[in-house]
Amino acid sequence: MMERSSNNNNNNVVELSRVAVSDTHGEDSPYFAGWKAYDENPYDESHNPSGVIQMGLAENQVSFDLLETYLEKKNPEGSMWGSKGAPGFRENALFQDYHGLKTFRQAMASFMEQIRGGKARFDPDRIVLTAGATAANELLTFILADPNDALLVPTPYYPGFDRDLRWRTGVKIVPIHCDSSNHFQITPEALESAYQTARDANIRVRGVLITNPSNPLGATVQKKVLEYLLDFCVRKNIHLVSDEIYSGSVFHASEFTSVAEIVENIDDVSVKERVHIVYSLSKDLGLPGFRVGTIYSYNDNVVRTARRMSSFTLVSSQTQHMLASMLSDEEFTDKYIRINRERLRRRYEIIVEGLKKAGIECLKGNAGLFCWMNLGFLLEKKTKDGELQLWDVILKELKLNISPGTSCHCSEVGWFRVCFANMSENTLEIALKRIHEFMDRRRRF
Amino acid sequence: MTRTEPNRSRSSNSDSDKNSGNGGGGRTTAMRVIVPLQGVVQGRGGLFLGSVIPCAFFYFLQFYLKRNRKNDESDNSGEQNSSASSSSSPNSGLPDPTRSQSAGHLTELTGLPRSLSRILLSPRNSGGAVSVSGRVNCVLKGGDSSPYYVGQKRVEEDPYDELGNPDGVIQLGLAQNNKLSLDDWVLENPKEAISDGLSISGIASYEPSDGLLELKMAVAGFMSEATKNSVSFDPSQLVLTSGASSAIEILSFCLADSGNAFLVPTPCSPGYDRDVKWRTGVDIIHVPCRSADNFNMSMVVLDRAFYQAKKRGVRIRGIIISNPSNPMGSLLSRENLYALLDFARERNIHIISNEIFAGSVHGEEGEFVSMAEIVDTEENIDRERVHIVYDLSKDLSFPGLRSAAIYSFNESVLSASRKLTTLSPVSSPTQHLLISAISNPKNVQRLVKTNRQRLQSIYTELVKGLKELGIECTRSNGGFYCWADMRGLISSYSEKGEIELWNKLLNIGKINVIPGSCCHCIEPGWFRICFSNLSERDVPVVMNRIRKVCETCKSQN
């Protein structure tokens, strides 16, 4: 047995991996910095009325009451352990099958069908559960691409993708540039150009990843664009991932076309097999803390692999049990979806009207928990720095945390994402008031 | 069941992975050279025979090889599809991964006759199946046939039930602990058992990704209790995540780059092949321990493994130990642990100490010493190389709730882990449930004590029974496993002999145990038997089943 060496005669600090020390997670961007400012000085109606109002977090709090009523009063099955009592708990606590509770998968499939007005069917056995859409997106990337390959993603996009799609996977994001000339819709030219850019750099493109409805635009992707995208993916023999996390938050159901609807009428397996959908309960149901996400794939290999890979990120069996009966109660979910859409639409109108009165225009949106606001006219320098300076002013002077377009990789400066669903109507009014006052002050000078 | 993907054979997954990737590339390169040549030489009689015949032979060889591979995989896919969903696409067999990669390349080449690519594409595909990553191939090739997976499946299809299915397969392969009775707690606290009595709005929002402080405090308390309070764990050094697999994977991502390796003494947990290697590209170098040493780690052997790796150009970033060990259930001595720390310090590497069974120490011999206790008095520079993995699901029998933890003294590792765990966080209603269940120190003490007592009683029964059958086990003082010596029953001292016995145990004995090869044990004939999900009444049933198999073996041998 070796003797214990007395002192450390080797002054080496042990090293970490490249993944650990890289900043590919993108969490140093203003998107996350604003959250910090909010955490340090959070607005509270009574206790801290001059605090920072959080408008940088896309959380849906407008329909909690509906959930509360259901879960606490009308759902004995989910809120207790049913007639089984303690043994029911034990059975659930022991369940760690990566297939997930069948009842829960069926409930998710049914919920997803309802959101799409029955225009697409979902097979519960194609649903793979993950602890959040964040995990779902990363998992899909691990499965569809190898390190140094790329996914094409239209800009502006959700800042979290830098982490979710790139960090551990080693996969690159090649942007499909969109701009306000056509309301930031994806054009065939932009798509081809992005693909070519990757090819020129000798990077293998494995797929296109879109968010529909879009974050941060707050708008649905047009049906013809979806059809074109699918066609493009077939021609290039690549995958199409559609992150439909905001599908239940479209203000008018008729305005949303899911890629599932398009695939529904296609028999050709080689076409269907490249389509994958990501969904989560975090936005539509306002349950981000529950960590419930899902991958829905038309590709058997992907389903099989995703299921096994989901071992790293399973959804708690307790959570599955809690939500299964609620989500399969079609009467409840029908009502919930309808009322939620209504309330979000109303919020959207309030904020857009309020901004308009202050002389600020927004992109015409029809979905989501935020609006895409244009402050380009306020920029002294029409550069990224100019935008960040303005963002800083809004954070420090107006005490509003909004998200600058640069953190969403928007190629046009001056756009900001403003969330409106994570606060009371009162707070929203206060935020609008601060903006009005700010605009008044600027007009005077 | 959370499946792990150990390979049946002892070769690593990464080898087969590399082969499939390179093979595909090599073949297409060859194609690119040969096709134009064929056109050139066809015009010249003299060179005709010399060139075309080898080319033709080469093509037919390709065709033959691809056809054979397709047959292998359609067998596997047949098995898979029967257990998998009622798929909407009936002809969804496994497309040959290399074929699809080739197909992708072929369509990009100009001047290549379309008819050629038709031979290589699956007839039903119009443009070729879209290809997936190398990681998929690795899963699809390796996983399905391993005893670990096959055994699980059998249990699922035909599970033993005392009354309902007394001839069913008894699960002795999966570490589930139903010894611990939280039934009392659940009966007394029905609301907490679901949502801590909080309203939805109290638990629904985004929360710190690495876990609520309250829960971290409770977990730290639980971990301390497991060490009989010889260590006081600091909650701020905890990162919570959804399972031990995730914890180990996160640490693998943080401590090693793709292509590096960890040293792992064997036999070890079958799960490491997936958790450490799969998505990270990090490799494992097994350091075999022998029955002659009671499967204790030898520093000499460890040293040799380190330098051999270095000579081959493989950079070792750390060593992964488990304590109590899986599968032996032994407790590492203080001496061992200090020696390990020295070893790590001298080579400037990390130590991952997998202490997921810390709260399940049931034996009276020896004491459980956490790595945290060892580094308590060390300088920072050494503390920073130690990382502990803990898992509530083992000690509390909560595997479905997905709650494990990384405990580290290294702030950079903690910082990276906090961000990485956003990809595998603990669900908030579960966090609140756990807070209720384990915040009360008295409750924790009771849980740990009860767990220990029950494990000890079953362990004793099982080992006694096995001894009567002539099967000895190594002394296990912690965890859920017996590490049983069945060398006397195998027909040949080889992996083949071991797998034959495993088959008999599964098909004749109807018990699912894990053969030592899944644990990368270098000596054939050892088996891992999990006893934590057995009741006292089950033990005689298990014994009878094993006796039946023993008799079959003796009559055959």
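### Some remarks on the overall build of chain B
Thinking step 1. When helices and strands are counted, chain B shows 22 helices and 13 strands.
Thinking step 2. Buried residues in chain B amount to 61% of all 557 residues.
Thinking step 3. For chain B, the exposed surface amounts to about 20900 Å²; the carbon and sulfur share of it is 52%.

### A few points about the overall build of chain A
Thinking step 1. A count of helices and strands for chain A gives 17 helices and 13 strands.
Thinking step 2. Over its C-alpha atoms chain A spans a radius of gyration of 23 Å, differing by no more than 12% from the 22 Å that the globule rule assigns to 445 residues.
Thinking step 3. Overall size of chain A, expressed as C-alpha extent along the three principal axes, is 70 × 65 × 60 Å.
Thinking step 4. A total of 445 residues make up chain A; the buried ones form 65% of that total.
Thinking step 5. Expressed as a percentage of contacts within chain A between residues at least 6 apart in sequence, the contacts between residues at least 24 apart total 76%.

### Notes on the sheet that holds strand β13 (residues 526-530) of chain B
Residues and elements named next belong to chain B.
Thinking step 1. Here 4 strands make up an open sheet; going across it, the order is β9-β10-β13-β12 and the pairing antiparallel. Of all strands in the sheet, those with a lone pairing partner are β9 (472-473) and β12 (514-515), marking the two edges.
Thinking step 2. With 5 bridges joining them, strand β10 (residues 481-485) and β13 adopt antiparallel strand pairing. Along β13, the bridge assignment pairs A484 with F527.
Thinking step 3. Sheet contacts for helix α21 (residues 495-507): β12 and β13; angle to β13, the most-contacted strand, approximately 30 degrees.

### Some remarks on the state of the cysteines
All names here are of chain B.
Thinking step 1. Summed over the entire model, instances satisfying the criterion amount to 0 disulfides over all chains.
Thinking step 2. C521 forms no disulfide, and the closest cysteine sulfur to it belongs to C519, at a distance of 7.7 Å.
Thinking step 3. For C521, a relative accessible area of 0% corresponds to the buried category.

### Points about the sheet that holds strand β4 (residues 283-288) of chain B
Residues and elements named next belong to chain B.
Thinking step 1. Sheet architecture is open: 7 strands sit in the order β2-β8-β7-β6-β5-β3-β4, paired in mixed fashion. A single partner strand is all that each edge strand has here, and the edge strands are β2 (238-241) and β4. Along the sheet, successive strands turn relative to each other by an average axial angle of 25 degrees, direction set aside.

### What about the pattern of salt bridges?
Residues and elements named next belong to chain A.
Thinking step 1. Enumeration according to the criterion identifies 46 salt bridges over all chains in this entry.
Thinking step 2. One salt bridge connects D440 with R443, and the closest N-O pair in it is separated by 3.1 Å. With D440 and R443 both in helix α17 (residues 425-444) and 3 residues apart, the pair spans about one turn of that helix.
Thinking step 3. For D440, a relative accessible area of 36% gives the class partly exposed.

### Some remarks on the packing of helix α6 (residues 102-115) of chain A against helix α14 (residues 317-328) of chain A
Residues and elements named next belong to chain A.
Thinking step 1. For the pair α6 and α14, interaxial distance at closest approach is 8 Å and the crossing angle is 40 degrees. Of the possible angle classes, the one that applies to α6 and α14 is oblique. Two packed elements cross with a definite hand, and for α6 against α14 that hand is left-handed. For the pair α6 and α14, contact is made by T103, F104, A107, M108, S110 and F111 and by Q320, L323, A324, L327 and S328, respectively.
Thinking step 2. Looking at the contact of α6 with α14 residue by residue, the classes come out as 7 nonpolar, 4 polar and no charged.

### Focus on the environment of D382 of chain B
Residue and element names in this part refer to chain B.
Thinking step 1. Turning to its location among the elements, D382 is positioned in helix α16 (residues 380-383).
Thinking step 2. Once the C-alpha coordinates of D382 and N410 are considered, the two residues, 28 residues apart in sequence, prove to be 9.5 Å apart.
Thinking step 3. Discounting chain neighbours no more than four positions away, the residues touching D382 are L341, R345 and V375.

### Description of the confidence of the model for chain B
For residues with low pLDDT, the predicted coordinates do not support detailed interpretation.
Residues and elements named next belong to chain B.
Thinking step 1. In the predicted model, chain B carries a mean pLDDT of 78, and the fraction of residues at 70 or more is 70%.
Thinking step 2. Confidence over residues 1-44 falls short of pLDDT 50; this stretch has 86 contacts with residues more than four positions distant or in other chains.
Thinking step 3. Low pLDDT, under 50, characterises residues 70-127; the predicted model gives this stretch 75 contacts beyond four residues in sequence or across chains.
Thinking step 4. As a predicted assembly, this complex carries a pTM of 0.82 together with an ipTM value of 0.89.

### Considerations on the pairing of strand β5 (residues 205-211) of chain A
Residues and elements named next belong to chain A.
Thinking step 1. In terms of burial, β5 is largely enclosed, as 7 of its 7 residues are buried.
Thinking step 2. As defined by bridge partners, β5 adjoins strand β6 (residues 239-243) across 5 bridges and the pair is classed as parallel. From the neighbouring strand, V208 faces β6, where its bridge partner is L240.
Thinking step 3. On the question of chirality, the crossover connecting β5 to the parallel β6 by way of helix α10 (residues 223-236) is right-handed.

### Points about the confidence of the model for chain A
Residue and element names in this part refer to chain A.
Thinking step 1. Confidence along chain A averages 89 in pLDDT terms, with 94% of residues attaining 70 or more.
Thinking step 2. For chain A, the element scoring lowest by mean pLDDT is helix α4 (residues 76-79), at 50; strand β3 (residues 150-154) scores highest, at 98.
Thinking step 3. Under a pLDDT of 50 for its full length, residues 1-10 has, in the predicted model, 19 contacts with residues more than four places off or in other chains.

### Overview of the side chain of H362 of chain B
All names here are of chain B.
Thinking step 1. By the secondary structure assignment, H362 is in the loop between β6 (350-354) and α15 (371-374).
Thinking step 2. Since its relative accessible area comes to 3%, H362 is described here as buried.
Thinking step 3. Within the structure, H362 has its side chain in polar contact with the backbone oxygen of G479 (distance 3.3 Å).
Thinking step 4. Contact partners of H362, with chain neighbours within four places excluded, come to R452, L455, Q456, Y459, S476, N477, G478, G479 and F531.

### Some points on the side chain of D162 of chain A
Residue and element names in this part refer to chain A.
Thinking step 1. Looking at where D162 falls in the secondary structure, it is placed in helix α8 (residues 161-166).
Thinking step 2. Judged by relative accessible area, which is 9%, D162 ranks as buried.
Thinking step 3. A polar contact of 2.6 Å, which involves the side chain of D162, links it to the side chain of H409.
Thinking step 4. In contact with D162, other than residues within four places in its own chain, are T24, Y157, W167, I173 and H409.

### A look at the packing of aromatic side chains
Thinking step 1. Counted under the stated rule, the structure contains 26 aromatic pairs over all chains.
Thinking step 2. A centroid spacing of 6.1 Å and a plane angle of 35 degrees characterise the contact between Y157 of chain A and F161 of chain A, whose relative ring orientation is tilted.
Thinking step 3. Aromatic pair Y407 of chain B and F409 of chain B: ring centres 5.5 Å apart, planes at 90 degrees, arrangement edge-to-face.
Thinking step 4. Taken together, the aromatic side chains of Y70, F332 and Y336 of chain A make up a single cluster linked through ring pairs.
Thinking step 5. Looking at K236 of chain A, its charged tip hangs above the ring of Y195 of chain A, at a distance of 4.5 Å from the centre.
Thinking step 6. Sitting above the plane of the F306 of chain B ring, R347 of chain B keeps its charged end 5.6 Å from the centroid.

### Quick word on the packing of helix α11 (residues 244-255) of chain B against helix α18 (residues 411-420) of chain B
Residues and elements named next belong to chain B.
Thinking step 1. The geometry of α11 relative to α18 is characterised by a closest axis approach of 10 Å and an angle of 125 degrees between their N-to-C directions. When the interaxial angle is binned, α11 and α18 end up oblique. Remark: the crossing between α11 and α18 carries right-handed chirality. Taken together, the residues of α18 that come into contact with α11 (itself represented by I250, L251, F253, C254 and L255) are V413, A416, S417 and L420.
Thinking step 2. Class assignment for the residues of the contact of α11 with α18 results in 8 nonpolar, 1 polar and no charged.

The rules behind the values
- Residues numbered from 1 in each chain as written.
- Chains lettered and ligands numbered in written order.
- Predicted model: local features only at pLDDT ≥ 70, side-chain atom pairs only at ≥ 80, totals over all residues.
- Heavy atoms only, no water.
- Helix = DSSP H or I, 4+ residues; strand = E, 2+ residues; numbered from the N terminus.
- Buried < 20%, exposed > 50% of the residue type's maximum accessible area, 1.4 Å probe, protein only.
- Areas by Shrake-Rupley, 256 points an atom, 1.4 Å probe, with all protein chains shown as cover.
- Rg over C-alpha atoms; globule rule 2.2 N^0.38 Å.
- Contact = heavy atoms within 4.5 Å.
- Pairing = 2+ DSSP bridges.
- Axes fitted to C-alpha atoms, helices over the stretch in contact; angles between N-to-C directions.
- Disulfide = S-S within 2.5 Å.
- Salt bridge = Lys/Arg side-chain N within 4 Å of Asp/Glu carboxyl O.
- Parallel < 35°, antiparallel > 145°, perpendicular 65-115°, else oblique.
- Left-handed = near helix turned anticlockwise from the far one by under 90°.
- Nonpolar A, V, L, I, M, F, W, Y, C, P; charged D, E, K, R; others polar.
- pLDDT = per-residue confidence, 0-100.
- Right-handed = clockwise from strand over helix to strand, strands pointing away.
- Polar contact = N/O pair within 3.5 Å; in protein donor to acceptor, adjacent residues only side chain to side chain.
- Phe/Tyr/Trp six-rings, centres within 6.5 Å; stacked < 30°, edge-to-face > 60°.
- Lys NZ or Arg CZ within 6 Å of the ring centre and 35° of its normal.

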